[in-house]
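# Coordinate inspection notes
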Amino acid sequence: MSRRTRRTASAPEPGVEAVRPTVTVCRGCCCGTPEVPGLDHTAQVRDLRQALDGTATVRVTDCFGACERANVIVVQPSARGRRADGRPVWLGFVNDSDATTDITAWIKNGGPGLTDPPKILDLYTFRPSRRIQAELRDT
């Protein structure tokens, strides 16, 4: 695993993140690079933003520190989803457009806490280490 660098996600508009789900796409040291061949990384972010416009906030961060699972996407629930016990869902190896399509369809249907993800996303779901979780809470 490469050295972790400070996250540089841009903040969403005030109040928006609380209402809508947030999709954070890692584009750090391994994610979004030629180390993950066969995927147009720029198009993946663009497609997420276009498909989820008005439904979710899509942002890019520098590095989650889960480089061995590049490309990583984290889907955080909306406020309503959190009230329904929704928790962030970590997805690794999101390296094809079909996975991106499955993620957007799930979020459009409600996302974490409100709608179960398609079963195919079980192949991508993982739980990050406590160290990574703690570092993300501290930023």
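Residues numbered from 1 in each chain as written. Predicted model: local features only at pLDDT ≥ 70, side-chain atom pairs only at ≥ 80, totals over all residues. Heavy atoms only, no water.

## A closer look at the pairing of strand S2 (residues 57-61)
Counted residue by residue, S2 has 4 buried out of 5 residues, so it is predominantly covered. Two strands pair when backbone bridges link them, and strand S1 (residues 22-26) and S2 are joined in this way by 5 bridges, in the parallel orientation. Bridge pairing in S2 links Cys 26 to Thr 61. Taken together, S1, helix H2 (residues 41-51) and S2 form a β-α-β motif whose crossover is right-handed. (Buried < 20%, exposed > 50% of the residue type's maximum accessible area, 1.4 Å probe, protein only. Helix = DSSP H or I, 4+ residues; strand = E, 2+ residues; numbered from the N terminus. Pairing = 2+ DSSP bridges. Right-handed = clockwise from strand over helix to strand, strands pointing away.)

## As for the packing of aromatic side chains
Enumeration over the complete set of coordinates arrives at 2 aromatic pairs. These aromatic residues form a ring-pair network of at least three members: Phe 64, Trp 90 and Phe 126. (Phe/Tyr/Trp six-rings, centres within 6.5 Å; stacked < 30°, edge-to-face > 60°.)

## Brief notes about the packing of H2 against helix H4 (residues 97-108)
At their nearest, the axes of H2 and H4 sit 10 Å apart, and the two run at 20 degrees to each other. It follows from the interaxial angle that H2 and H4 lie roughly parallel. As H2 runs across H4, the sense of the crossing is right-handed. In contact with Gln 44, Leu 48 and Ala 51 of H2, H4 contributes Thr 100, Thr 104 and Lys 108. Of the residues belonging to the contact of H2 with H4, the class tally is 2 nonpolar, 3 polar and 1 charged. (Axes fitted to C-alpha atoms, helices over the stretch in contact; angles between N-to-C directions. Parallel < 35°, antiparallel > 145°, perpendicular 65-115°, else oblique. Left-handed = near helix turned anticlockwise from the far one by under 90°. Contact = heavy atoms within 4.5 Å. Nonpolar A, V, L, I, M, F, W, Y, C, P; charged D, E, K, R; others polar.)

## Some thoughts on the environment of Asp 85
Within the secondary structure layout, Asp 85 lies in the loop between helix H3 (79-83) and strand S4 (89-91). Spatially, the C-alpha atom of Asp 85 lies 5.6 Å from that of Gly 113, the residues being 28 residues apart in sequence.

## Observations concerning the pairing of S1
The buried fraction of S1 amounts to 5 of the 5 residues, a majority that puts the element mostly inside the structure. The alternating pattern of S1 places Thr 22, Thr 24 and Cys 26 on one face and Val 23 and Val 25 on the opposite face, and all of these are buried. Here 4 bridges tie S1 to strand S3 (residues 73-76), and the two strands are oriented antiparallel to one another. Bridge pairing links Val 25 to Ile 73 in S3.

## Here's the deal with the nonpolar core
Ranked by size, the top nonpolar core spans 18 residues in total, and within it Val 23, Ile 73, Ile 103 and Ile 107 carry the most contacts. Elements that contribute at least two residues to this core include exactly S1, H2, S3, S4 and H4. Per element, the largest residue contribution to this core is 4 residues, and it comes from H4. If we ignore the near neighbours within four places in the chain, the residues touching Val 23 are Leu 52, Ala 56, Thr 57, Val 58, Arg 59, Ile 73, Val 74 and Ile 107. Membership of the second largest hydrophobic core comes to 14 residues, among which are Cys 31, Ala 70, Phe 126 and Ile 132. (Core = buried A, V, L, I, M, F, W, Y, C linked by side-chain atoms within 4.5 Å.)

## Here's the deal with H2
Among the residues of H2, His 41, Ala 43, Gln 44, Val 45 and Leu 48 are the ones counted as buried. Those residues of H2 that are buried lie in contact with S1, S2, S3 and H4. Between the side-chain oxygen of the N-cap and the backbone nitrogen of Thr 42 there are 3.3 Å, and the N-cap of H2 in question is Asp 40. (Polar contact = N/O pair within 3.5 Å; in protein donor to acceptor, adjacent residues only side chain to side chain.)

From the geometry alone we can't say anything about function, so treat these as descriptive.
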